[in-house]
Amino acid sequence: MTNVIVVKRDGTQVPYDRNKIICAINKALLEVDGNIYSKYISENVATSIENYFEYHTVECITVEEIQDLVEWNLINGPKPDLAKAYIRYRYKREMARHNYKELMDTIGEKLSAANVQNQNANVDEHSFGGRMGEMNSAVARKYALDYIVSPMAKENHLNNMIYIHDLDHYAVGSHNCLSIPFDDLLAKGFNTRQTDVRPAQSVSTAFQLVAVIFQLQSLQQFGGVSATHLDWTMVPYVRKSFRKHWNDALKYIAFWPATEVTEDRPIDEYADCDDYQDVYRYALEMTEREIYQAVEAMYHNLNTLQSRSGNQLPFTSINYGTCTLPEGRMITKALLDVSIKGIGKLHKTSIFPCGIFQCMKGVNREPGDPNYDLFKLALRSTAQRLYPNYANVDWTGNDGYNINDPCTYFSTMGCRTANGYDINGLGQRKDGRGNICPVTIILPTLAMMTKENNNHHFEDFQHPEHWSREDYDDIETFMTLLDEKIHEARDMLIERFNWICSQNPASARFMYENGLMAGYVPEEGIRSALKHGTLAMGQLGLAEALQILIGCDHTEEKGMELAKRIEALFKKRCAEFKEEYKLNFGVYYTPAENLCHTALKKFKERYGIIKNVSDKEFFTNSMHVPVWKEMNPFEKIDIESQLTGYSSAGCITYIELDSGIKNNLEALETLVNYAMDKDIPYFAVNVPNDTCLECGYCDEFNDHCPECGSDHIQQLRRVTGYLTGNYTTAFNRGKQDEVKYRVKHK
């Protein structure tokens, strides 16, 4: 029989080997009997097949044909159960081969950049690093789904009900976002794998170290990193630099080196020295110059040092604007001046860091407030550069913060993630805490499942005047299903939290060794730190779910009534889970940069195209007003402000304006203050930002530069809470479609 050639599935030819038949049948025997005492069965089948070869003079045969012969012999043999076991064994092998091939096809696709999806607008999937990163991500995602997550979690994820974010990082057990405790790190120094870093002794060094720390921490996690009160943080280092410049002036201008200042002190204390006015002016000017150059260097570093795969910049955010000390005001002014000027030879809008101006009553919102001039400067920057966004320090959701401790002021981590009240002892402290892991409930899927379960057709409920009592019952069915999925989302978050807690602290040595995550006690393990973070329960497509359930969205009174009921359930359950498990569950209004498209694709494959639901390439982010709805900015703020209070883990409200707003800063000021007074926690303004890459002209002009005529244009737009480069190439298909539908709020 050695002359028979077997053709394998890949087309290669090998000599026939009876031992492979015997081995396969024995594995089936083990499944049936738990032993292979009936070994003669496999031997007899192999012999029978060889007799078949001889009788039919077979010279060449495929693997599938041999397996068919094995099945026939087993079915007609003494143990029919063995035939069933062999068929199952064969099916499992086939599935394994299929999964392997599918994975290898995906890897090949990622390595060749043959199907770039732009899942993350900040990643260049065409680059070597991007291709390698996408390949690694594909393998890790599959591993996580097949070997780590529970069957319940996998089913929810694959069936478009509850989405598990960043599955690739789930596999390795890293967490999402972190607000970095820069006050401690700059004052005490820190250790890295190769060396140690001394405490900062000047404002220029401090800003360099901020960029370094951002870079290092971004490699310990998969989400954003932020500074919660950078203006306050930099006060001691402005004083150090001022003292150095003051002493230089004493030595080289006043020629009084013997009066050198040896201890740092507030800058305004120097101003009282009447005999040293020239020294004071010199020290002040040199300090301001140093601050500006330090800020400019930080901006350039954070837009050029691509520390993650895919030429990816760290997702960095800086909060500022409340420090009324002269030193802090100098920092805020420099941050805004650099933002307005732009970076590089063409003075392009900076993508990172995401600037966030912290609005605070009595500090910067009204004429007469000590930092009102800086608020006006922030508005100018927003109108021209989209940044800064605006955080509401007086937001009712941050009740209990300490007005004397900027670490407790409301701040965000850029796209919208925020730290609420910590049930495990840190209260409203933000530094050293972050979003540990999120999941997102796909609301339109649940709404359609409700209709399916109740045997109702979508065509019927598009016309409310035709509703019957059964149609109204759909709402109760939906709420019951949503409650079930909220509980399953809880279990999925706990499951992932425990997996992250099981990791060795050496996996994130820089973070744990240097105390970047607050509360870490080595003897208690990393759970001691992670328990202070947030478990975020997100949502997607509220507007579309309402459309499915009641034929309108929350821009109408009936839709808002149901929207509030849905959000109240989210908030109630998260509060209950927080108390029961002593973990910081929070309602999260998901950014859904990629999910808005991938969830829509899955939905459309199952349910087809439904008007105002799946007739576009995206679902509406979280609870936002659909981007195509015509209204003025005050109306949009009014609608979304009714829902933002249900969220504790992060949300954002934004409005779309045209570029002419830079000529009407008073109107922009009115809008920002209106949003703050409406208790919006986090507010942003979208303004078209087109830059000619030939001459540097910046305005709204889309295809051709009005100055030089070039069509080499960067069209910068906001993707979620942060910015990206040219949206026509960096955004995924869903986000590109969303931009087309965005209407100006006039």
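Now for a look at the structure at hand. (Residues numbered from 1 in each chain as written. Predicted model: local features only at pLDDT ≥ 70, side-chain atom pairs only at ≥ 80, totals over all residues. Heavy atoms only, no water.)

1. Re the sheet that holds strand 16 (residues 682–686)
For step 1, the next point in the chain: Taken in spatial order, the seven strands make up an open sheet running 5-8-9-10-11-16-15, and their pairing is mixed. A strand with exactly one partner marks an edge of an open sheet, and here the two such strands are strand 5 (178–179) and strand 15 (653–656).
For step 2, the next point in the chain: As judged from the two bridges shared by strand 11 (residues 389–392) and strand 16, these two strands associate in the antiparallel manner. The residue of strand 16 that forms the bridge with Y390 is F683.
For step 3, the next point in the chain: Against the sheet, helix 9 (residues 203–218) makes contact with strand 5, strand 8 (225–227) and strand 9 (316–320), and its axis sits at roughly 150 degrees relative to strand 8, the strand it touches most.
For step 4, the next point in the chain: Here helix 25 (residues 665–677) sits on the sheet and contacts strand 10 (354–359), strand 11, strand 15 and strand 16; the angle it forms with strand 16, its principal contact strand, is near 150 degrees. (Pairing = 2+ DSSP bridges. Helix = DSSP H or I, 4+ residues; strand = E, 2+ residues; numbered from the N terminus. Contact = heavy atoms within 4.5 Å. Axes fitted to C-alpha atoms, helices over the stretch in contact; angles between N-to-C directions.)

2. Observations concerning helix 24 (residues 633–641)
For step 1, the next point in the chain: Of the positions making up helix 24, those classed as buried are P633, K636, I637, I639, E640 and S641.
For step 2, the next point in the chain: Structurally, helix 24 contributes buried residues whose contacts are with helix 22 (557–581), strand 15, helix 25 and strand 16. (Buried < 20%, exposed > 50% of the residue type's maximum accessible area, 1.4 Å probe, protein only.)

3. Section: the sheet that holds strand 14 (residues 584–588)
For step 1, the next point in the chain: Strands sit in the order 4-12-13-14 across an open sheet of four strands; the sheet is mixed. The outermost strands of the open sheet, each flanked by one partner alone, are strand 4 (162–164) and strand 14. When the angles between neighbouring strand axes are averaged without regard to direction, this sheet yields 25 degrees.
For step 2, the next point in the chain: One ladder, built from three bridges, connects strand 4 with strand 12 (residues 435–442); its direction is antiparallel. Bridge pairing in strand 12 places I164 opposite V439.
For step 3, the next point in the chain: Lying on the sheet, helix 16 (residues 443–453) is in contact with strand 12 and strand 13 (534–540); it crosses strand 12 at an angle near 35 degrees.

4. Considerations on a negative patch on the surface
For step 1, the next point in the chain: Where like charges cluster on the molecular surface, the negative patch consists of D268, E269, D272, D274 and D275.
For step 2, the next point in the chain: Tracing the backbone through its elements, the reader meets D275 in the loop between helix 12 (267–270) and helix 13 (277–302).
For step 3, the next point in the chain: Given a relative accessible area of 65%, D275 falls into the exposed group. (Patch = residues over 30% accessible without salt bridge, like charges linked within 9 Å, V, L, I, M, F, W, Y side chains within 5 Å. Areas by Shrake-Rupley, 256 points an atom, 1.4 Å probe, with all protein chains shown as cover. Salt bridge = Lys/Arg side-chain N within 4 Å of Asp/Glu carboxyl O. Lys, Arg positive; Asp, Glu negative; His and termini not counted. Charge placed at Lys NZ, Arg CZ, Asp CG, Glu CD.)

5. Let's talk about the packing of aromatic side chains
For step 1, the next point in the chain: On inspection of all chains with the given rule, the structure shows 28 aromatic pairs.
For step 2, the next point in the chain: Measuring from centroid to centroid gives 6.5 Å for Y52 and F53, while their planes differ by 65 degrees, and the two rings are edge-to-face.
For step 3, the next point in the chain: Overall, the relative accessible area of 34% leaves Y52 in the partly exposed class.
For step 4, the next point in the chain: Judged by relative accessible area, which is 1%, F53 ranks as buried.
For step 5, the next point in the chain: Seen in terms of ring centroids, W246 and Y270 are 4.8 Å apart; in terms of plane orientation they differ by 55 degrees. Their pairing is tilted. Placement of the pair is W246 in helix 11 (residues 235–252) and Y270 in helix 12, with a sequence separation of 24 residues.
For step 6, the next point in the chain: The class for Y270 is buried, based on a relative accessible area of 0%.
For step 7, the next point in the chain: Among the aromatic side chains, those forming a connected cluster through ring pairs are F242, W246, Y270, Y276 and Y280.
For step 8, the next point in the chain: Over the face of the ring belonging to W628 we find K616, whose NZ or CZ atom lies 3.9 Å from the ring centre. (Phe/Tyr/Trp six-rings, centres within 6.5 Å; stacked < 30°, edge-to-face > 60°. Lys NZ or Arg CZ within 6 Å of the ring centre and 35° of its normal.)

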